[in-house]
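The residues making up each chain are set out below.
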Amino acid sequence: MFVNTMPRYEILSADSIAVLDRGWRRIVSEIGIQFAKPEAVGLFAKAGQQAVYGPPFVRAGDVRRDATLDDFRQLCMLSQGFDELDSAGGVICEPNDAPLDSRHLDMIYALATLTDKIFMGNVISGPNAADTIRMTEILFGGAGGKGRAAIERTPATVSLINCNSPLRWDDRMLDAQFEYCAAAQPVVLTPFLLMGAMSPVTIPAALAQQLAEALSGIALAQLIRPGCPVIFGSFLSNIDMQSGSPSFGTPESAIGLLCTGQLARHYGLPFRTGGGLNSSQTADAQSAYEALMTLLPTFLAGTNFVMHAAGWLEGGLVSSYEKFIIDIELLKMLRVEFTPLEITEESLAFGAHSEVGHGGHFLGAAHTMERFRECFYRPMLSSTANFERWLKLGGKDTAARAGEIWRKKLEEFTPPPLDDAIRAELDDFVARRRREIDD
């Protein structure tokens, strides 16, 4: 797992943080946050208070179509196949060919059997969350019913609880939050802010609203189960004021992201933000530079948990296979860039200077020959061939090369090992719940 140990990039002064701190407290005190679940209101009263992330489409090459369960499984396999991703995610795409009321069972099953990375729980409803928890208990507790103690001791899944911004937590999300918090599973409490639509248009106003919403959700988590793991969530961008469409990879979202990191550290909270966000319709230059506009500040801010890191297109409406590979290349390069440089006497390579002397070259020097295979980053996707060789190899652009890579990766996929008894218990649970749901 990659750990970013580089210095954090902080742009807010102490006075600015103090203004934002007063701002969110005023929103909570004078306007309030709405919790659309009586049990949540009751918990706040007892404590002395008044009280989308699955793309429906996929894109492979030039074909944009409804996402299927096979797409979901293949994206799980690709997530498993690249070490740059520590988590397999959750609703990687919305499998439209699976029955609506029971598709969460197929999705969690795929995440549990096709990857050994942490996955995200279903948050559509309380029963769906309960199903996720039970399947996670089976997976991590082994056959025999000891799973709840195992996952309460060491959390096994993480779930996204989105605020219905502005200033409202809906009942369905709260139902899921109650289930996960009661089981001591970490939740990402995330305001969903598009400046100009779900918040005022100024970045400071959006940041104050984000604090009010996120911290109120975090407070509820602690009322449900004191000590429940939480992550300060942030999804902050803006709309196009000419069309009203969401915009991603914007300078404003990058500034908000950097500020969010500094604020989360101020309150002593791990935080989620960033990703390979973009508004492009296809895996083109726009999709890459907008994704980098979000991924670079993600690294600079020292983000703890990143969603939408690979494959995002069309403002989140599309999971793209080619964009997935482009984003993996970006993540590979950023990991190298954010690995601290070791400066030692040996790294100064004085002996190479002695060997080469004045006016020579270092291509054949012993120092070079000993290190040439691993001294520089070697791209997985990018082409460094000259024009003639590029033409000889087919003259393929980035998207075409990415298409070859993801198809080869799927051909080579081997699922991680899973105990037969655990798999059988998962199969039995899914079959029983499908009968009960009658879907």
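Everything that follows concerns the structure shown earlier in this document.
Residues numbered from 1 in each chain as written. Predicted model: local features only at pLDDT ≥ 70, side-chain atom pairs only at ≥ 80, totals over all residues. Heavy atoms only, no water.

Peer 1: Help me understand the overall build of the protein chain, please; the structure alone is not making it clear to me.
Peer 2: On a plain count of helices and strands, the protein chain comes out with 16 helices and 14 strands. Here the C-alpha atoms of the protein chain give a radius of gyration of 24 Å, agreeing with the 22 Å that 2.2 N^0.38 yields for 439 residues. Taking the principal axes of its C-alpha atoms as reference, the protein chain extends roughly 80 × 60 × 45 Å. Within the span of the protein chain, comprising 439 residues, buried residues form 50% of the whole. (Helix = DSSP H or I, 4+ residues; strand = E, 2+ residues; numbered from the N terminus. Rg over C-alpha atoms; globule rule 2.2 N^0.38 Å. Buried < 20%, exposed > 50% of the residue type's maximum accessible area, 1.4 Å probe, protein only.)

Peer 1: Please clarify how the pattern of salt bridges should be interpreted in this entry.
Peer 2: Tallying each qualifying case throughout the model produces 26 salt bridges. Two residues, Arg 25 and Asp 21, come together in a salt bridge whose shortest N-O distance is 2.9 Å. With Arg 25 and Asp 21 both in helix H1 (residues 14-31) and four residues apart, the pair spans about one turn of that helix. Relative accessible area serves as the criterion here: at 16%, Asp 21 is assigned to the buried category. Between Asp 175 and Lys 37 there is a salt bridge, with the nearest N and O atoms lying 2.6 Å from each other. Residues participating in the shared-partner salt-bridge network are Arg 134, Glu 137, Arg 148, Glu 152, Arg 225 and Glu 425. (Salt bridge = Lys/Arg side-chain N within 4 Å of Asp/Glu carboxyl O.)

Peer 1: For this particular structure, what's the right way to read the state of the cysteines?
Peer 2: All told, the structure shown has zero disulfides when counted by the stated rule. Unpaired in this structure, Cys 76 has its nearest cysteine sulfur neighbour in Cys 93, at a distance of 8.2 Å. In this structure Cys 76 comes out as buried when scored by relative accessible area, which is 0%. (Disulfide = S-S within 2.5 Å.)

Peer 1: Could you clarify how one ought to interpret helix H11 (residues 321-337) in this entry?
Peer 2: Residues lying three or four places apart along an α-helix face the same way, a consequence of the helix completing one turn every 3.6 residues. The end-to-end C-alpha distance of H11, which contains 17 residues, comes to 25 Å, matching closely the 24 Å that a straight helix rising 1.5 Å per residue would cover. Across the 17 residues of H11, 13 count as buried, placing the element largely inside the fold. Where H11 begins, one side-chain oxygen reaches toward the backbone nitrogen of Glu 322, 3.4 Å away; that side chain belongs to Ser 320. (Expected span 1.5 Å × (residues − 1). Polar contact = N/O pair within 3.5 Å; in protein donor to acceptor, adjacent residues only side chain to side chain.)

Peer 1: What exactly am I supposed to notice about the sheet that holds strand S14 (residues 318-320) here?
Peer 2: Paired through their backbone hydrogen bonds, the strands of a sheet run either parallel or antiparallel. Taking strand neighbours across the sheet as the criterion, the four strands line up as S3-S2-S14-S13 in an open arrangement whose pairing is mixed. Each edge of the open sheet carries a strand with a single partner, namely strand S3 (63-66) and strand S13 (312-313). The sheet contact formed by S13 and S14 spans two bridges and is antiparallel. Directly across from Trp 312, in S14, lies its bridge partner Ser 319. (Pairing = 2+ DSSP bridges.)

Peer 1: What exactly am I supposed to notice about the packing of helix H9 (residues 251-266) against helix H10 (residues 285-300) here?
Peer 2: In a pair of packed helices, the angle between the axes and the distance between the axes together describe the arrangement. Between H9 and H10, whose axes approach to 9 Å, the crossing angle comes to 15°. Between H9 and H10, the angle is such that the two are roughly parallel. Helix-helix and strand crossings are classified by hand; for H9 and H10 the assignment is right-handed. Side by side, H9 and H10 meet where Pro 251, Ala 254, Leu 257 and Leu 258 of the first sit next to Met 293, Thr 294, Pro 297, Thr 298 and Leu 300 of the second. (Axes fitted to C-alpha atoms, helices over the stretch in contact; angles between N-to-C directions. Parallel < 35°, antiparallel > 145°, perpendicular 65-115°, else oblique. Left-handed = near helix turned anticlockwise from the far one by under 90°. Contact = heavy atoms within 4.5 Å.)

Peer 1: Quick question: what am I supposed to make of the pairing of S3 here?
Peer 2: When a strand is regular, its side chains alternate between the sheet's two faces. Pairing geometry for strand S2 (residues 57-60) and S3, over four bridges, is antiparallel. Looking at S3, one finds that Phe 57 is bridged to Asp 66. Hairpin connection from S2 to S3: two residues lie between these consecutive antiparallel strands, with Gly 61 at a positive phi of about 65°.

Peer 1: Any chance you could explain the nonpolar core here in plain terms?
Peer 2: Nonpolar side chains in soluble globular proteins tend to end up buried together. By size, the foremost hydrophobic cluster in this structure holds 53 residues, and its most contacted members are Phe 35, Ile 161, Trp 169, Val 187, Leu 220 and Phe 232. Ranked by residues supplied to this core, first place goes to helix H8 (residues 203-224) with 12 residues. With sequence-adjacent residues up to four places away left out, Phe 232 is seen in contact with Leu 189, Gln 210, Leu 211, Ala 214, Leu 215, Ile 218, Thr 260, Leu 269, Pro 270, Phe 271 and Arg 272. (Core = buried A, V, L, I, M, F, W, Y, C linked by side-chain atoms within 4.5 Å.)

Peer 1: Hey, could you run me through helix H15 (residues 398-411) in this one?
Peer 2: In this model H15 runs 20 Å from its N-terminal to its C-terminal C-alpha over 14 residues, within 8% of the 20 Å that 1.5 Å per residue would give. Among the residues of H15, Arg 401, Ala 402, Gly 403, Ile 405, Trp 406 and Leu 410 are the ones counted as buried. The secondary structure elements touched by the buried residues of H15 are S2, helix H3 (69-81), H11 and helix H14 (387-392).

Peer 1: Teacher, can you tell me more about the packing of aromatic side chains here?
Peer 2: By convention here, two paired aromatic rings are described through the distance between centres and the angle between planes. Taken as a whole and assessed by the stated rule, the structure comprises 12 aromatic pairs. Between the aromatic rings of Phe 82 and Phe 324, the centroid separation amounts to 6.2 Å while the plane-to-plane angle is 50°, which identifies the pairing as tilted. Here Phe 82, found in the loop between H3 and strand S4 (87-89), pairs with Phe 324, found in helix H11; they are 242 residues apart in sequence, far enough to count as distant. You'll find Phe 82 and Phe 324 in the same group, each marked buried. Judged by centre distance (5.7 Å) and plane angle (35°), the rings of Phe 387 and Trp 390 are tilted. In this pair, Phe 387 and Trp 390 both sit in helix H14, three residues apart, roughly one turn of the helix. Members of the aromatic cluster, each reached through a chain of ring pairs, are Phe 192, Phe 235, Phe 248 and Trp 312. Positioned above the aromatic ring of Phe 178, the side-chain terminus of Lys 37 is 5.0 Å from the ring centre. (Phe/Tyr/Trp six-rings, centres within 6.5 Å; stacked < 30°, edge-to-face > 60°. Lys NZ or Arg CZ within 6 Å of the ring centre and 35° of its normal.)

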